[in-house]
Amino acid sequence: MPSDSEKPAELDVILAQVRDGALSVDEAARRLQSLQAQPLGFATVDHHRAQRCGAAEVIFAAGKTPEQVAAIAGVLLERTPCVLVTRASSEQLDRVEQALPQTPIQRGQLGGTAILGTAPDASAKGYRPIPIVTAGTSDLDIAEEAAMTCKAMGHPVAAINDVGVAGIHRVLHRADELRAGHVVIVIAGMEGALPSVVGGLVDSPVIAVPTSVGYGASFGGVAALLGMLNSCSSGVTVVNIDNGFGAAFAACRINKLGGH
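The rules behind these values
- Residues numbered from 1 in each chain as written.
- Predicted model: local features only at pLDDT ≥ 70, side-chain atom pairs only at ≥ 80, totals over all residues.
- Heavy atoms only, no water.
- Helix = DSSP H or I, 4+ residues; strand = E, 2+ residues; numbered from the N terminus.
- Rg over C-alpha atoms; globule rule 2.2 N^0.38 Å.
- Buried < 20%, exposed > 50% of the residue type's maximum accessible area, 1.4 Å probe, protein only.
- Contact = heavy atoms within 4.5 Å.
- Areas by Shrake-Rupley, 256 points an atom, 1.4 Å probe, with all protein chains shown as cover.
- Lys, Arg positive; Asp, Glu negative; His and termini not counted.
- Charge placed at Lys NZ, Arg CZ, Asp CG, Glu CD.
- Pairing = 2+ DSSP bridges.
- Axes fitted to C-alpha atoms, helices over the stretch in contact; angles between N-to-C directions.

## Side note on the overall build of the chain
Working step 1: Within the chain one finds 11 helices and 11 strands.
Working step 2: By the compact-globule yardstick of 18 Å for 260 residues, the chain fits well, its C-alpha radius of gyration being 20 Å.
Working step 3: Taken across its 260 residues, the chain has 46% of its residues classed as buried.
Working step 4: Excluding contacts between residues fewer than 6 apart, the proportion of contacts in the chain whose partners are at least 24 apart in sequence is 70%.
Working step 5: Accessible surface, the chain: about 12200 Å² in total, of which carbon and sulfur atoms supply 54%.
Working step 6: Charged side chains in the chain number 19 positive and 25 negative. The centres of these two groups are separated by 4 Å.

Right, dumping it as structure tokens:
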């Protein structure tokens, strides 16, 4: 998943060959089409997404067979140096390792996230670290998904863990770190109150992630979701339950606009 809109090397080659007369326009058109989408029968891989959206297609592994995950990863890695996989099982990632033995794989320890290939250098563009804040240790799997997404997109992160409202002094002591980011990701379950607190401390956008952590009346994260949607702090926006990936993807886009 290269950061920004890096052109695939194949596109430069095709255009150069047309310019030099080594490739016909019809053949170039056929090859350009294959750069945009590649049918695999069970999936259609979007090779054009990096140019349109600034990052290559991500593999959402849940519901896919290990063979399908490995096949999609293989064709993506032919065109991009880094592929992010989310919600993967150990069996799926084992199959990827077997199919792509030369490809470096960084596995997350908690949430089934993995980076295949070589992630961009997070220091190369000088982006500010994105604070990723968790209310409790039980939210760390979602924080890991968010952090690895940021890494795959070339953005550094700053972890601020276990600072929930049950001991509100903990987050108040970290206010300077929160204010250092162009955008803050706040992850919380239970009643989901932490984003409102953070939103009242910073002048940057806050992306709130409700998690499915909590007892019965949390309804698998619905209580936290509704609490965050009803935040009285300005500048708080909310993604879906347990969606660390979605929060991080949006945060990286904001961080890119903010610059250094």
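## With respect to the sheet that holds strand β7 (residues 130–134)
Sheet strands pair by backbone hydrogen bonding; their relative direction is either parallel or antiparallel.
Working step 1: Strands sit in the order β8-β7-β9-β10-β11 across an open sheet of 5 strands; the sheet is parallel. Each of the sheet's edge strands pairs with one partner strand only, and the pair in question is β8 (157–160) and β11 (236–238). Between one strand axis and the next, the sheet turns by 25° as a mean value, whatever way the strands run.
Working step 2: Note that β7 and strand β9 (residues 184–188) share 3 bridges and pair parallel. In the strand pairing of β9, Thr-134 is matched with Ile-187.

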